[in-house]
Amino acid sequence: MKKELRIFFTAMMFLTRLPVPRFTDHSPDYLERSVKYFPLIGWMVAGISALTFLIFNKYISEDIAIAASIIAGILTTGAFHEDGFADVCDAFGGGWTKEKILMIMKDSRLGSYGVIGMMSILLCKFLLLKELPKFMPDLHSPSINIFYNYRYFILTLFAAHGVSRLMPVLVMRYFDYVTDPDGSKSKPVASRKPSILFLVVPTLTALLPFAFMSWQFILAVIPVVYAAFSLAKYFKKWIGGYTGDCLGAIQQVSELCFYLGMIIIWRYVI
């Protein structure tokens, strides 16, 4: 139990800026095992984002609340995934060979492709989240319980952050890691292929929020898986596999695809 707790805190330290006990470190062994807790860490980020949304929505406005929730998530993770997405935009936008792409991806400076990509993904995230409350059934209910009125919105956040962090784990299982072995701090995590049995825990964790929603919503996972593996195949074509930054990009795109899928299902299926 103590070992599992340390593995969990390792995942928490790796993916977020949240405080962890002093005994937590970047031990390669614990980093390799920590991927099973990635969706659970996603729940933590979702919880902070959801709480921020509810507070700002109650006292200011819905638009400000959505923006605040996005910022809260970024601050919680230290823009960990967003940074990976921006690096991927720079690398694949400006590089035409494997060597050039990897070189640009390791550059800490942000180029025009990265800036445009970051702005685009944040804008899309805001607009998609803005659409979600419109499909919540109890927004005009006389109930003063804001948690109840926004329960589907909150569940969607938990599902999105969990499922989107499951996708990198699946990509790690079926694709190869490729980068300079001395140039990436994520190598101990990304280079290990999780076993099929090892995937049970993160998969069940990511899918648990669907137990509290209509069963049709689980269909939103289909486009997420398609997008994640399409990106992984694209990365394999150009550089022979994926890097830590590629996994960050997959998480961000998966999160957007999930929100879009939920909106489509609510509008046209249910």
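As shown above, the structure is provided for reference.
Predicted model, so just to flag it, every value in this text is computed and none were measured. (Residues numbered from 1 in each chain as written. Predicted model: local features only at pLDDT ≥ 70, side-chain atom pairs only at ≥ 80, totals over all residues. Heavy atoms only, no water.)

Draft legend 1. Broad picture of helix α6 (residues 98-106). Along α6, the residues that are buried comprise Ile 101, Leu 102 and Met 105. What you see down the axis of α6 is that its buried residues fit within an arc of 95°, all on one side. The inward-facing, buried residues of α6 abut α5 (80-94), α12 (221-239) and α13 (244-268). (Buried < 20%, exposed > 50% of the residue type's maximum accessible area, 1.4 Å probe, protein only. Helix = DSSP H or I, 4+ residues; strand = E, 2+ residues; numbered from the N terminus. Arc of directions from axis to C-beta. Contact = heavy atoms within 4.5 Å.)

Draft legend 2. Representation of the nonpolar core. With 75 residues, the main nonpolar core has Phe 92 and Phe 258 as its most contacted residues. Here the element with the most residues in this core is helix α9 (residues 151-174); it accounts for 14 residues. In this view, Phe 258 contacts Thr 156, Ala 159, Ala 160, Val 163, Phe 210, Ala 220, Val 221 and Val 224; residues no more than four positions away in its chain are not counted. (Core = buried A, V, L, I, M, F, W, Y, C linked by side-chain atoms within 4.5 Å.)

Draft legend 3. Structural context of the pattern of salt bridges. By the definition in use, this model includes seven salt bridges. Close ionic contact of Lys 36 with Glu 4 constitutes a salt bridge, the shortest N to O distance being 2.9 Å. Separated by 32 residues along the polypeptide, Lys 36 in the loop between α2 (28-33) and α3 (38-59) and Glu 4 in helix α1 (residues 2-15) bring together distant segments of the chain. Given the relative accessible area of 28%, Glu 4 is considered partly exposed. Two residues, Lys 125 and Glu 255, come together in a salt bridge whose shortest N-O distance is 3.7 Å. You can see Lys 125 sitting in helix α7 (residues 112-131) and its partner Glu 255 sitting in helix α13, a full 130 residues away along the chain. The same class applies to Lys 125 and to Glu 255, which are both buried. (Salt bridge = Lys/Arg side-chain N within 4 Å of Asp/Glu carboxyl O.)

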